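# Structural features, examined
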There are 2 protein chains.
Amino acid sequence: MEHQLGIIGYGGMAQWHAFNINKSLGGTVRIAGVSDIRAERRDAARADGLRVYESNEALLADPAVEIVLIATPNDGHLPLTRQAFAAGKHVICEKPAALSTAQFDEMIAASERAGKLLTVHQNRRWDSDFLKVKEVVEKQPLGRVYMLESRVQGSRQVLNGWRGAAVNGGGMVYDWGVHLIDQVLQMIPESVAEVYAQLFSVHCAEVDDNFKALLRFESGVSALIEVSMNCFITHPRWHVCGENGTLVIEDWDCRGRMVRLSDKEELKWDEVIVYTAAGPTRSMAPRPVETMEELPLPAVTGDSFRSFYGNVARALEGQEELAVKPAETRRVMRVIDAIFESGRTGACVKGPI
Amino acid sequence: MEHQLGIIGYGGMAQWHAFNINKSLGGTVRIAGVSDIRAERRDAARADGLRVYESNEALLADPAVEIVLIATPNDGHLPLTRQAFAAGKHVICEKPAALSTAQFDEMIAASERAGKLLTVHQNRRWDSDFLKVKEVVEKQPLGRVYMLESRVQGSRQVLNGWRGAAVNGGGMVYDWGVHLIDQVLQMIPESVAEVYAQLFSVHCAEVDDNFKALLRFESGVSALIEVSMNCFITHPRWHVCGENGTLVIEDWDCRGRMVRLSDKEELKWDEVIVYTAAGPTRSMAPRPVETMEELPLPAVTGDSFRSFYGNVARALEGQEELAVKPAETRRVMRVIDAIFESGRTGACVKGPI
């Protein structure tokens, strides 16, 4: 069964949806057409061979449209979601779904009133780097993972267009943070006990262009989430500490390494003092390589568009549980609220979240 | 003028002091002798050619001893410092000077009552890696530094001897944290406004064997301090973000890189969407290399024993201000108190510190 999708807001991300849907989702989802309040983006959609509605209202009035993808600037998500539910459509909302938990609760309520599906395009649940880390957290080849760091860093310095404007819900917590938080909550099935965050506006006057957020889960597991637009020598995408080993994934191409303690008892390491350039140290003495073993990274890879839209289609057909559930997105929004609160007050925000 | 030093506690660190003093401090400081409550360490001192006192009291009773270096387990620092001041000696205490600010205040009071010098062996103020970072913070070749990370990571897993015992003031906050905190406070001449910390006991039952502490200074400058004994793929020793560039120092040998925005206007980078393995991104598009320039690391290097003891000698002679001042160590102790409080309560501890 092919589901017809209307797209409201035809920016770069909507164009990426359209390209991928047309390329690989035939038979599952078809694009009925798009609307955008900007004439030049309606022209772009026409140039891309898409049907163009002259207004959002015209799109929502088309009975052929079953699902609406809302891909406008972030401040448009709530009002347009309300309109879409009022028109009896299912809604896929780009991330961040809303600017706060309170706003997202209104979206959930509208969905329930309409009896229509609400989901959020948390496509990075199918990123290959994330899936590899998730497998290491779950299968524990390094022992229990007690600390991880998830970073996305660039040096563009300035946020593009509306993403730099506070009124539109710009800034890096909303833009990238939302993905990194969602991924971490997917991996660690526990309540968040503490959220402490530091936000920076280094080159953007209105919004955060860098942030560090340190989460602590109920059992003590720690997650550092960091996004930077001003980093010229980046950290790895992931750094994951298990009780007996470490995983590093450098980038989205999944270059990386996984190292753990060898289980060969005869390789037990005797205590030794090492004289480094900075003096003697026993606790920081370099570990002999023969006491460690290198493991291959998990083989798992993802295919986000096929997985995301395939799931939405099957959920609508009653064949599968929805992958990105409103309750999950609500938790992500609560962590985002906590990050902004911590950044504003300088306090650590306590859970459970 | 040659100052005579008595050493109380002849463990690995005292041995390192003795080796370096004998090697390169002739004419400045001479070792009068050592004491240790353990017979085997008195034997070790004799084997190293040092005079051995049969008790700490005998050492303190020797009028030839002008300065006492206290290099016992950490819980011995306060009682032995008191004894040394009561005997009319100047005191150099190994780090951490004390287990809390309250304890250190007793040491300061004892010093003032005795009218004798108190200083702490914060030798890492002369580490070459630190001096290079400090120069970058001060001279600003990367613009204003707004965020830095200072890490020491190993994979030894288990703390050696008394360093693993709570009663002796073991654990990584006291052992390495004290250095990294002192360095950061030396570099950033501002009050600490916030301290949030996460402590871990991964393989040590009694004390912290890993910790992350996130400091925020008055103006918003951020410092992440991390020590780990369970990291098999380490981060760089330093990661420093200026407004227009990044400095990374990998290790104590000062391998590293410094990169900043080129100031050539014609190399301005046009906006572009890049399609990565994880989808399109404009904000995280890789920066063209021609818009950056590589700078050499600062040339400055340090010589900690010569600098530290030379300063103590000149301070005693009234020729120079003391390098490691009790007021500075007191601030370090206050940050340590805040780290433990934050770790215990899960709250962020507010300054000013």
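Cut-off values and rules
- Residues numbered from 1 in each chain as written.
- Chains lettered and ligands numbered in written order.
- Predicted model: local features only at pLDDT ≥ 70, side-chain atom pairs only at ≥ 80, totals over all residues.
- Heavy atoms only, no water.
- Helix = DSSP H or I, 4+ residues; strand = E, 2+ residues; numbered from the N terminus.
- Salt bridge = Lys/Arg side-chain N within 4 Å of Asp/Glu carboxyl O.
- Buried < 20%, exposed > 50% of the residue type's maximum accessible area, 1.4 Å probe, protein only.
- Pairing = 2+ DSSP bridges.
- Contact = heavy atoms within 4.5 Å.
- Buried area = accessible area lost by both parts, 1.4 Å probe.
- Domains from an automatic or database assignment.
- Phe/Tyr/Trp six-rings, centres within 6.5 Å; stacked < 30°, edge-to-face > 60°.
- Least-squares fit on C-alpha atoms with pLDDT ≥ 70 in both.
- Disulfide = S-S within 2.5 Å.
- Arc of directions from axis to C-beta.

### Comments concerning the environment of Asp43(B)
- Within the element layout of this structure, Asp43(B) appears in helix H2 (residues 39-47).
- Here the alpha-carbon distance between Asp43(B) and Ile339(B), two residues 296 residues apart in the chain, equals 39 Å.

### Quick word on the pattern of salt bridges
- Using the criterion set out here, one finds 58 salt bridges over all chains in the structure.
- The salt bridge involving Glu106(A) is made with Arg82(A); its shortest N-O contact spans 2.3 Å. Taken together, the residues Glu106(A) in helix H5 (residues 101-114) and Arg82(A) in helix H4 (residues 77-86) connect sequence positions 24 residues apart.
- For Glu106(A), a relative accessible area of 35% translates into the label partly exposed.
- The salt bridge involving Glu328(B) is made with Arg125(B); its shortest N-O contact spans 2.9 Å. Remark: Arg125(B) occurs in the loop between strand E5 (118-120) and helix H6 (128-139) and Glu328(B) occurs in helix H9 (residues 326-345); sequence separation between them is 203 residues.
- With a relative accessible area of 7%, Arg125(B) lands in the buried category.
- Connected through shared salt-bridge partners, Glu149(A), Arg151(A), Lys212(A), Glu226(A), Glu149(B), Arg151(B), Lys212(B) and Glu226(B) make up one network.

### Some words on the pairing of strand E8 (residues 210-217) of chain B
Residues and elements named next belong to chain B.
- Burial analysis of E8 places eight of its eight residues in the buried class, which makes it a mostly covered element.
- Burial along E8 is two-sided: the residues Asn210, Lys212, Leu214 and Arg216 and Phe211, Ala213, Leu215 and Phe217 are all buried.
- In this sheet, strand E9 (residues 222-228) lies alongside E8 in antiparallel orientation, the contact comprising seven bridges. Residue pairing in the sheet places Ala213 in a bridge with Ile225 of E9.
- Between the end of E8 and the start of E9, which pair antiparallel, lie four residues, with Gly220 showing a positive phi angle near 105°.

### Some remarks on the interface of chain B and chain A
- Counting residues at the interface gives 75 residues for chain B, matched by 73 residues for chain A.
- Counting the surface lost from both chain B and chain A, the interface buries some 6500 Å², and carbon and sulfur atoms represent 59% of this.
- Taken together, the links from chain B to chain A amount to four salt bridges.
- Two residues, Glu149(B) and Arg151(A), come together in a salt bridge whose shortest N-O distance is 3.4 Å.
- It is strand E6 (residues 145-153) of chain B that provides the largest number of residues to the side of chain B that touches chain A, a total of six residues.

### So, the domain arrangement of chain A
All names here are of chain A.
- On domain assignment, one finds that chain A holds domain 1 (3-121) and domain 2 (125-303 + 334-350).
- Look at where the C-alpha atoms of domain 1 and domain 2 centre, and you get two points 32 Å apart.
- Taken together, the contacts link ten residues of domain 1 with ten residues of domain 2.
- On the domain 1 side of the contact with domain 2, Lys95, Leu99 and Thr101 bury the most area, a combined 47% of that side's loss.

### Re the packing of aromatic side chains
Residues and elements named next belong to chain B.
- Applying the stated criterion across every chain, the model contains 20 aromatic pairs over all chains.
- Judged by centre distance (5.5 Å) and plane angle (20°), the ring pair of Trp176 and Trp252 falls under stacked. Taken together, the positions of Trp176 in helix H7 (residues 172-187) and Trp252 in the loop between strand E11 (245-249) and strand E12 (256-261) put the pair 76 residues apart, joining distant regions of the chain. Assigned by exposure class, Trp176 and Trp252 land together as buried.

### A look at the relation of the copies chain B and chain A
- Laying chain B over chain A is done by rotating through 180° and shifting 0.0 Å along the axis; what remains is an RMSD of 0.0 Å. Overall, the copies show the geometry of a two-fold rotation axis. The rotation axis passes nearest to the C-alpha of Cys348(B) in chain B, at a distance of 2.6 Å.
- In this assembly the copies share their binding face: 97% of the residues contributing to the interface of chain B also contribute to that of chain A.

### Observations regarding the state of the cysteines
- One pass over the full model with this rule turns up zero disulfides over all chains.
- As a non-bridged cysteine, Cys204(A) has Cys241(B) as the owner of its nearest cysteine sulfur, 15 Å distant.
- For Cys204(A), a relative accessible area of 7% puts it in the buried group.
- Cys241(B) takes part in no disulfide bond, and the closest cysteine sulfur, belonging to Cys231(A), lies 4.5 Å away.
- For Cys241(B), a relative accessible area of 3% gives the class buried.

### Re helix H2 (residues 39-47) of chain A
Residues and elements named next belong to chain A.
- Every buried residue of H2 is accounted for by Arg41, Arg42, Ala44 and Ala45. Down the axis of H2, the sector holding all buried residues measures 155°, keeping them to one side. Along H2, exposed side chains directed more than 90 degrees from the buried face belong to Glu40 and Ala47.
- Looking at the buried residues of H2, the elements they touch are helix H1 (12-24) and strand E2 (29-35).
- Gly49 occupies a position one or two residues after H2 and carries a positive phi of about 80°.

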